[in-house]
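These are the residues of each chain, in order.
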Amino acid sequence: MTAHHFTLYDALVRNAEAHGDRLALVDERGGERTFAELRQRVDRLATGLGRSGLEPGARLSILALNSGAYVETYLACARQGYVACPINWRLTADEVARIVERARPQAFLSDRPARDRLPGGPAADGVRLWIDLDSSDSLPSHQPIAELYRDGDPDPPPAVDPDAPFAVIATAAVDTVPRGAVLSHRNLISANLQEIGALSLTPDDRNLVALPLFHIAALGRLLAFLHVGAANVVTPKFDPALTVSLIDRFRLTHLSDFPPVLAQVLDAAKASGSRLKSLRLVTGLDSPETMARLHDETSATFWTGFGQAETTGLVTLQNARERLGCAGKAGELCRVKLVDDYDRDVPTGGEGEIVVRGPLVFLGYDGLPEVTAHTQRNGWHHTGDVGRFDGAGNLTFVRRKAEKELIKPGGENVYPAEVE
């Protein structure tokens, strides 16, 4: 470790020291934590994981709905230098097994709804520690997570390189098994800082974590709000009426959106008579009609952009009140340009593949060095998406390249070839 190191755990420690008594996390099932309390719980969990035999660099898969313990597991991984490998809970047992076989985890955390999809056989051979989020009804072979929160003085954290992998986030299943985008601490810290600046986030903001935490949109927003010293409210699944209730109860200022989330929230707010008075930001993707409806019915502003797991979230941002139907300009910590099929620059107004360079670009695809080398050729990350720039530097998304054509039900990538 050097004087230049700063990790995601350091961001938590900084806020525990600077905002110790401020609300940090609300778990619908487990109460509220201040930043000081959250740090203590993360230290206790990390100590338990370390004493169970997990060494820095170990991989921990998570197959569960959102919860406070899920968030604390992410942060314990950041403290200990573990690699979090969250898994989409919508997948079948066979799909989960294929992902686990590629991820090679040493620990596996799951909840009760996921029990029918737990991996077995060769896929699970490397798992030494099975952890159950449901401490009151754990499987005999699983250790309740409550038992891993150790009392007493925590063990000192190991030295963690900010360029080391922190999480493997699944992307589209181009080759039948979702590719894992490996993100470092520095990737996510860079994304945090870019988002904090672009959205003018402050410790007074509050974020709803309703999208699944295996998705970069949910994880990225969670960490950005935590980084700035703001609170996150976690709910297991998205529910429109509950979302309206939580926004009003906790004076939430931010909501992440993929269709049809926002439209359903606006419908639920109208039905309950809520004006969503505290809401000031919605980020994500949606139709211009739904964005305009948000602006007509509330005082909140929709911010959209272009990004993917491989770019640690959004690399362009646009205030939709100012310009509908546009993905915006490149963020402060990245460069974005367009190239043709021969990697030659495309002039303004022409269509080309969107390529990205900067500290937000992922380390590579997990276990796929040749795919990584091709995707990051010539010093740029090739997104596989086609865009167009106007004369003011605003990006408009046009379409996906033919080899990346897919369907996105509920914000998740599904390739027609995979369905067939």
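Here the structure is shown first, and the text comes after it.
Nothing here was measured: the structure is a model prediction, and the numbers come from that model.

Cut-offs used in this document
- Residues numbered from 1 in each chain as written.
- Predicted model: local features only at pLDDT ≥ 70, side-chain atom pairs only at ≥ 80, totals over all residues.
- Heavy atoms only, no water.
- Helix = DSSP H or I, 4+ residues; strand = E, 2+ residues; numbered from the N terminus.
- Expected span 1.5 Å × (residues − 1).
- Buried < 20%, exposed > 50% of the residue type's maximum accessible area, 1.4 Å probe, protein only.
- Axes fitted to C-alpha atoms, helices over the stretch in contact; angles between N-to-C directions.
- Parallel < 35°, antiparallel > 145°, perpendicular 65-115°, else oblique.
- Left-handed = near helix turned anticlockwise from the far one by under 90°.
- Contact = heavy atoms within 4.5 Å.
- Nonpolar A, V, L, I, M, F, W, Y, C, P; charged D, E, K, R; others polar.
- Polar contact = N/O pair within 3.5 Å; in protein donor to acceptor, adjacent residues only side chain to side chain.
- Pairing = 2+ DSSP bridges.
- Phe/Tyr/Trp six-rings, centres within 6.5 Å; stacked < 30°, edge-to-face > 60°.

1. Examining helix α6 (residues 216-228)
Part 1 of the reasoning: The terminal C-alpha atoms of α6, which comprises 13 residues, lie 18 Å apart, in line with the 18 Å expected from a rise of 1.5 Å per residue.
Part 2 of the reasoning: For α6, the tally of buried residues reaches 13 of 13 residues, placing the bulk of the element in the interior.
Part 3 of the reasoning: Positive phi shows up at G229, right after α6, with a value of about 90°.

2. Focus on the packing of helix α7 (residues 240-250) against helix α8 (residues 261-272)
Part 1 of the reasoning: Where α7 contacts α8, the two axes come as close as 8 Å, and the packing angle between them is 70°. Classed by the angle they form, the pair α7 and α8 counts as roughly perpendicular. Note on packing geometry: the crossing formed by α7 with α8 is right-handed. Residues P240, A241, T243 and V244 of α7 lie in contact with α8, whose contacting residues are Q264, V265, A268, A269 and S272.
Part 2 of the reasoning: Residue composition of the contact of α7 with α8, by class: six nonpolar, three polar and no charged.

3. So, the side chain of T301
Part 1 of the reasoning: Locating T301 in the fold gives a position in strand β14 (residues 301-308).
Part 2 of the reasoning: There is a polar contact of 2.9 Å between the side chain of T301 and the side chain of R321.
Part 3 of the reasoning: Excluding anything up to four places from it in sequence, T301 contacts R280, L281, V282, L294, H295, N319 and R321.

4. A look at the side chain of T311
Part 1 of the reasoning: Following the sequence through the fold, T311 ends up in the loop between β14 and β15 (313-319).
Part 2 of the reasoning: Within the structure, the side chain of T311 is placed 2.7 Å from the backbone oxygen of G313, a separation counted as a polar contact.
Part 3 of the reasoning: Discounting residues that sit within four places of it in the chain, T311 has contacts with V356, L360 and H381.

5. With respect to the sheet that holds strand β21 (residues 395-400)
Part 1 of the reasoning: Spatially, the four strands line up as an open sheet ordered β17-β18-β20-β21, and their pairing is antiparallel. Only two strands of the sheet have a single neighbouring strand rather than two, namely β17 (335-339) and β21. When the angles between neighbouring strand axes are averaged without regard to direction, this sheet yields 50°.
Part 2 of the reasoning: Across five bridges, the pairing between strand β18 (residues 351-357) and strand β20 (residues 381-389) is antiparallel. Paired with G352 across the two strands is G387, which belongs to β20.

6. Notes on the environment of R59
Part 1 of the reasoning: Looking at the element boundaries, R59 is found in strand β3 (residues 59-63).
Part 2 of the reasoning: For the pair R59 and F108, spaced 49 residues apart in sequence, the C-alpha to C-alpha distance is 8.6 Å.
Part 3 of the reasoning: When residues no more than four places from it in sequence are discounted, the contact partners of R59 are V83, C85, A103, R104, P105, Q106, A107, V168 and D366.
Part 4 of the reasoning: Polar side-chain contacts of R59 include one of 3.1 Å to the backbone oxygen of A103.
Part 5 of the reasoning: Of note is the side chain of R59, whose polar atom sits 2.8 Å from the side chain of D366.

7. A word on the packing of aromatic side chains
Part 1 of the reasoning: Counting across every chain of the model gives six aromatic pairs.
Part 2 of the reasoning: With a centroid separation of 6.2 Å and an interplanar angle of 75°, the aromatic rings of W89 and F214 are classed as edge-to-face. Here W89, found in the loop between β4 (83-86) and α4 (93-103), pairs with F214, found in the loop between β10 (206-209) and α6; they are 125 residues apart in sequence, far enough to count as distant. Exposure class is identical for W89 and F214. Each is buried.
Part 3 of the reasoning: On the numbers, 5.3 Å between centres and 40° between planes, the contact of F108 with W130 is tilted. Here F108, found in strand β5 (residues 107-110), pairs with W130, found in strand β6 (residues 129-132); they are 22 residues apart in sequence, far enough to count as distant.

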